[in-house]
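# Structural description and commentary
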There are 2 protein chains.
Amino acid sequence: LSIFNKPSPRLVCLRESSNGFLFTLSLDFLLLHCCFSSCKFIVFSSKTYFQPTSKTRKTKFDSILETPIFKVNNTFDSSPSHPLDPLTIQEINKAQIIISSYKPFLGSFPSIRSLSLDEPEKIQVLNWKYGNPLPPRRALVIAWANDQVHLLIVDLNLGQIISHVQNPGSGYPPISIDDVRVAIRATLSNEEFNKSIVARGVNFSDLVCTTPSSGWFGPEEEGKRIMKVRCYSSQGTPSFYMRPIEGLIVIVDIDKGEVIKILDTSPKIPIPYGENTDYRYTSQDMPPQMEPLNPISIEQPKGPSFTIENGHNVKWANWDFHLKADQRAGIVISRARIRDSETGEPRSVMYKGFASELFVPYMDIDENWYFRSYMDAGEFGLGATAMSLVPLNDCPRYSYFMDGLFVTADGKPFVQPNIICVFERYAGDISWRHSDLPIHGFEERIRESRPKVTLVARMAASVGNYDYIFDWEFQTDGLIRVTVGLSGMLMVKGTPQNSTNEDDIFGALVSENVIGVAHDHFITFHLDMDIDGPINSFVKVDLVKEENPSTKTPRKSYWKAKRQVIEKEKDAQIKLKLYEPSEFHFINPLRKSRIGNPTGYKIVPKGNAASLLDLDDPPQVRSAFTNNQIWVTPYNKFEQWAGGLLVYQSKGEDTLAVWSNRNREIKEKDIVLWYTLGFHHVPCQEDFPVMPTVTSTFDLKPLNFFERNPILRARPNFDEDLPVCRSTNLN
Amino acid sequence: LSIFNKPSPRLVCLRESSNGFLFTLSLDFLLLHCCFSSCKFIVFSSKTYFQPTSKTRKTKFDSILETPIFKVNNTFDSSPSHPLDPLTIQEINKAQIIISSYKPFLGSFPSIRSLSLDEPEKIQVLNWKYGNPLPPRRALVIAWANDQVHLLIVDLNLGQIISHVQNPGSGYPPISIDDVRVAIRATLSNEEFNKSIVARGVNFSDLVCTTPSSGWFGPEEEGKRIMKVRCYSSQGTPSFYMRPIEGLIVIVDIDKGEVIKILDTSPKIPIPYGENTDYRYTSQDMPPQMEPLNPISIEQPKGPSFTIENGHNVKWANWDFHLKADQRAGIVISRARIRDSETGEPRSVMYKGFASELFVPYMDIDENWYFRSYMDAGEFGLGATAMSLVPLNDCPRYSYFMDGLFVTADGKPFVQPNIICVFERYAGDISWRHSDLPIHGFEERIRESRPKVTLVARMAASVGNYDYIFDWEFQTDGLIRVTVGLSGMLMVKGTPQNSTNEDDIFGALVSENVIGVAHDHFITFHLDMDIDGPINSFVKVDLVKEENPSTKTPRKSYWKAKRQVIEKEKDAQIKLKLYEPSEFHFINPLRKSRIGNPTGYKIVPKGNAASLLDLDDPPQVRSAFTNNQIWVTPYNKFEQWAGGLLVYQSKGEDTLAVWSNRNREIKEKDIVLWYTLGFHHVPCQEDFPVMPTVTSTFDLKPLNFFERNPILRARPNFDEDLPVCRSTNLN
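Now for a description of the structure that goes with this document. (Residues numbered from 1 in each chain as written. Chains lettered and ligands numbered in written order. Predicted model: local features only at pLDDT ≥ 70, side-chain atom pairs only at ≥ 80, totals over all residues. Heavy atoms only, no water.)

### Description of the interface of chain A and chain B
Convention followed: Contacts were defined at the residue level, with two residues in contact if any of their heavy atoms lie within 4.5 Å. By buried area we mean how much accessible surface two parts lose on assembly, using a 1.4 Å probe and totalling the loss over both. Salt bridge criterion: a side-chain nitrogen from Lys or Arg within 4 Å of a carboxyl oxygen from Asp or Glu. By the criteria applied, helices consist of DSSP H or I runs no shorter than four residues and strands consist of E runs no shorter than two, each listed in order from the N terminus. Gly counts as polar in this scheme, as do all residues outside two lists: the nonpolar Ala, Val, Leu, Ile, Met, Phe, Trp, Tyr, Cys and Pro, and the charged Asp, Glu, Lys and Arg. Strands are treated as partners if at least two bridges between them are detected by DSSP.
Each partner contributes to the interface: chain A provides 224 residues, whereas chain B provides 223 residues. Regarding the contact of chain A and chain B, the summed buried area is about 20500 Å², with carbon and sulfur atoms giving 56% of it. There are 19 salt bridges connecting chain A and chain B. With a closest N to O distance of 3.1 Å, A:Asp429 and B:Arg458 form a salt bridge. With 14 residues, strand β19 (residues 413–436) of chain A is the single largest residue contributor to the side of chain A that touches chain B. Residue composition of the side of chain A that touches chain B, grouped by class: 99 nonpolar, 64 polar and 61 charged. Note that strand β34 (residues 723–727) of chain A and strand β34 (residues 723–727) of chain B share 5 bridges and pair antiparallel.

Structure below.
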């Protein structure tokens, strides 16, 4: 396939090594911003575009990182070809010029906290066809200037700002590297802090400080932007997260550049040792205690079966969809359509799907910990924190890698390379099967079985210590499976304890002096289902136990599926119940199957966990979108972010819960499904120093959408279809 | 690897084609018994041991079925080498001779309904080592003779029956082909039945009758063995299940050979047409509506990394376990051990794991349907109904196939070939990962990621219309994932309806005149966890919401993990609750980790469904093992089958629920975990005529079992490790 042969000129970010300060202080979650604010653009024409930051001798491990990655021509430097294509480099540069010549900002360019495509109205996108001119291209900008939030819409065709709103909500945009600089400078110049570091025996050269989000806990913290600085020792380990300097938090007012308070509560808690924390392959001196595995790979000698047109339009088997990276949402799937199994007609399934917010509350109420309740998408950005995927390990061979084009604080375009991969998965699974013995008239025994091949689009966000792996998997039978995997490192707490004592710890001892603090992860997905078009209804089908009213049969009970078309939002605020089960259908009331069933999809929850916090606990108020597992709202272009547009220190007045409580009509409307996938995590020793991946999934499954099994005619595997392989290290 | 080169003499079953009667009447669930009672043993030395039953010209599809399957030497005809090895051919023959010379049966050999290894006492197995003599080999026999159940233990070393119990419970053993013959003969010779068939316009040559289990519904049905005969038309389709003759049930007393009653309630319900029901690949005349997929395969040019010694002992990576097929349980995993990641010591995880029962109640109370509440393991057998897996489709290339050796009603050995496959899975997933930017002292950016390769043991039971795919998947990080997949065909009901009408149907219209009746599937697993030895405790860890007692911090609430070592069985009867979550640990109280955590595993439920039936509804009483999702019982060799040893028409006096209600001590005992995986199924058009696979899983996950992440030292994939492949159809 041609897409695998033509690497093209690429953009990379080279860190300015002159910025010694930033190299000394590694900033949890904000490292990327360092890069954003200090990167240059250089054009390469090599296949390997990684710019090693190290001058050390090459190790075997480097070969992974330098494995060639194949892609189609990068379109960031050409014109957009689809209404939903992200802004191009030229468009970002144009927006930057428009902003810098905008009167209110003349002479002092604002700090750009978000600059991305202001997607056109849905109707414009639905009516658009290839060959048509694109709807007007606009940028939505969140900027910080003069201690105010500015929300701008920049019309790139008109060359002007067409909307400017100040302080649209209580929250603030994500903090910038400049904010972090202020916080760190204030911290380092504080005498009490310095004394404490010295008293704890940490060398300043080993000091790594991070700036976890501060949350919002009432009026005391109002009217000022706060940062809470926490530090670690990186002595002897790249895994500084495992060496916390416990009981020392510096609270900084970043607008004033002043330390408000130092919490130095526990000077006697030792810093955990680092010897057992290095997880890098190059640091392992023994093979694992197991028999080595022979080479194994998903092989496709003719290349993968999908194509990606114009950088974003994925076509595979019976699916097509638009795929892009977003600085906040990470991976965004738009306009997912599947061909009808009888007519071949492309039919709409989902207008847009993405992870809207990610809430991570920790279960520790002490002064150093109570505020830790991250909202990773809105505070840090799932795309912003996604680093390049590792070929052959994060994604199998024959993966296609896609870059993210994001924007720095000074409004310049920035390429985050290879943060999405797309690949076909064959895991040895069975799509459908049936065996039967011969029956009269059909003398052959029946052994029908079809292999399952799927298409996966993946991204991994490294939001500081944690790694979140997002998979969107498309099946030929119409099912979409969304999987979230958690790996990376625990957020740990130092303790004097060397052995387990079950009382009074907010988690579990996972190594000497290291507590893995108990916590949750909630990922809330925005799923704008458009089943055969935007006008849909949400049907709750309760499986209700009934008593047998008849004496004719001795059966006492059964359950019956009772359909209820939901009229208003509040009736679509749903908590899942094992003993009061329901199905959750999205149907198109205007389109029926041959036998009169409305065409539809259902969401199939699998394992899940719910937030247990009090509804009026500040973190829960801000993340009230996790109060239910399912919500359905009418489509509203301005209701994309479940925790609100401005999340940092937000009070929770702009969440999905607030919108839904308006109780708007949702029957036969353009409606959006929200689903929250949760994990409770009580850590264990196996999670130390890096966690084996834990996953959870949900499915979007066709329901009377097709007239019958849509892959009935699928081809089985034949021996002659499969490749002939040899091992490269066979002699 | 040598195991892939030496196919050996094999046993096959050739159906006696002379038995015309059995070919005319295909018997739902009992087809295999037909084969059992009419098969001969013939030794082949060819690699392809399938004996085509058809004389038709070969189609392309045949090539799948004839793809060579590689295996190790079949050990069924040699001596057993492990205390848990199934009985060999010689042993079965010896047992048959012992039974036939046993006085009570002299002159009339009983009908054998089960004859399998009576596993030695656990202590004998645990103390046994390779090289030691095997503990005494014994067969456990369930026989039917003189209208009585006989439970025999045959000592093969002593050459005699050492135990003989009559009628050990209220239920009966599975019915035999002789029973079915009686029922069918009674049905066919019934004038009313014949008239009804003629009136419905069905040719007798198209008639296919099945004998669904009759359940047990009170004293009226006591003291006699009952069979309920239901028929279909196979005219024009191999998928007769989709063409029910609705409203006609013949109830037969099989001991008397008499029709008790004919239910002919709905003579006017049309038989659904068959044109759209043929799912065989050879019958499809068009390609599917999708772009064709390029060849894709899990490739291992050096072969798989596992070995299977003596036919049953699987060794792979850090795992070893004993694997066998069982006529009732299907796939059985025994003595699963994993190497310690630090010391290499093999450590016990699970003594025995298998699907103990499978309960499938249908949600229709009418006379023709109310009794359908299958208990597939005890009534039919998951191994008995497992047919040969289809190479390249049911299992990927490089799979190892294992046969089942079962016993016919006349006590003769019978090989069911290739019903288990074992393969390594690589699905492109990530075992663990972390990305980080350079920090001081470590100049290279961190991009650590490890591919996930697992080992799968799979079986697919075709219990009549439904196909159940059982996967046991072993991960190198110690996790065991159990997955059940459902495919095959719906159990459908004829209806005059041609278009959907939401009222008064017990399911959903899935095609013209075809209702997919709503139903559940519950698979109850017996999981005899032995974490570092048999003495374990069950710990319920409740995640309990607490209010913040302190005013020092503004956080209001959090949850805390509260451990409770469960003392007695009743406190281990657990219903899962989303808003009252718990973890469920099996720990070894005698073995602690370096930092004092007891070594353990936890069960991680994922998606699940609970039975909604009244607790006193007869099907629920018989399947009371589904009253909870989790139970823990003390180990008892005689408590293996959750629905009781004798299930057919059982009343429920010998179920897991009854045992557990004895409320025995379980703390620091040899204990067994029972977990039920449930599915609710409201059918839809996509399930017609054959269902895309639906899956559900649960995990057994190490918990402070290892000192730290056990695969920290795992090797990443390097490009030079992977194979070089070409497509066979590349020119």
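### Notes on the sheet that holds strand β8 (residues 226–233) of chain B
Residues and elements named next belong to chain B. Rule in force here: Here an axis means a line fitted to C-alpha atoms, over the contact stretch when the element is a helix, while the angle between two N-to-C directions is reported on a 0 to 180 degree scale.
Pairing within the open sheet is antiparallel, and its 4 strands lie in the order β7-β8-β9-β10. Only two strands of the sheet have a single neighbouring strand rather than two, namely β7 (207–210) and β10 (258–264). Looking at each pair of strands side by side, their axes are set apart by 25 degrees on average, direction ignored. In terms of strand pairing, strand β9 (residues 244–253) meets β10 through 6 bridges, oriented antiparallel. Among the inter-strand pairings, Leu 248 is bridged to a residue of β10, identified as Asp 264. Along the sheet, helix α6 (residues 177–188) makes contact with β7, β8, β9 and β10, crossing β8 at roughly 65 degrees. Against the sheet, helix α7 (residues 191–199) makes contact with β7, β8, β9 and β10, and its axis sits at roughly 170 degrees relative to β9, the strand it touches most.

### Some thoughts on unusual backbone geometry
Residues and elements named next belong to chain A. The peptide bond linking Phe 688 to Pro 689 adopts the cis configuration, its omega dihedral lying at -5 degrees. Looking at the element boundaries, Pro 689 is found in the loop between β32 (669–681) and β33 (691–703). Positive phi outside glycine occurs at Asn 310, with the angle close to 55 degrees. Inspection of the secondary structure assignment puts Asn 310 in the loop between β12 (307–309) and β13 (313–316).

### Observations concerning the state of the cysteines
Here, the word disulfide means a covalent bond between the sulfur atoms of two cysteines. All names here are of chain A. Put simply, the rule reads: Here, the term disulfide refers to a pair of cysteine sulfur atoms separated by no more than 2.5 Å. Any residue under 20% of the maximum accessible area for its type is buried, any over 50% is exposed, and the rest in between are partly exposed; the area is computed with a 1.4 Å probe on protein chains only.
If you walk through the whole model with that rule in mind, you get 5 disulfides over all chains. Covalent S-S linkage joins Cys 209 and Cys 231, the inter-sulfur distance amounting to 2.1 Å. Judged by the sign of its S-S torsion, about 95 degrees, the bond between Cys 209 and Cys 231 is right-handed. In this pair, Cys 209 sits in strand β7 (residues 207–210) while Cys 231 sits in strand β8 (residues 226–233), placing the two residues 22 residues apart along the sequence. Each of the two residues, Cys 209 as well as Cys 231, counts as buried.

### Some words on the sheet that holds strand β5 (residues 148–155) of chain A
All names here are of chain A. The 4 strands are arranged β3-β4-β5-β6 in an open sheet whose pairing can be described as antiparallel. The strands lining the two open edges of the sheet, one partner per strand, are β3 (111–117) and β6 (160–166). Neighbour-to-neighbour, the strand axes of the sheet open up by a mean angle of 20 degrees, direction not taken into account. Of the strands in this sheet, β3, β4 (138–145), β5 and β6 touch helix α4 (residues 89–100), which is tilted by about 120 degrees from β5.

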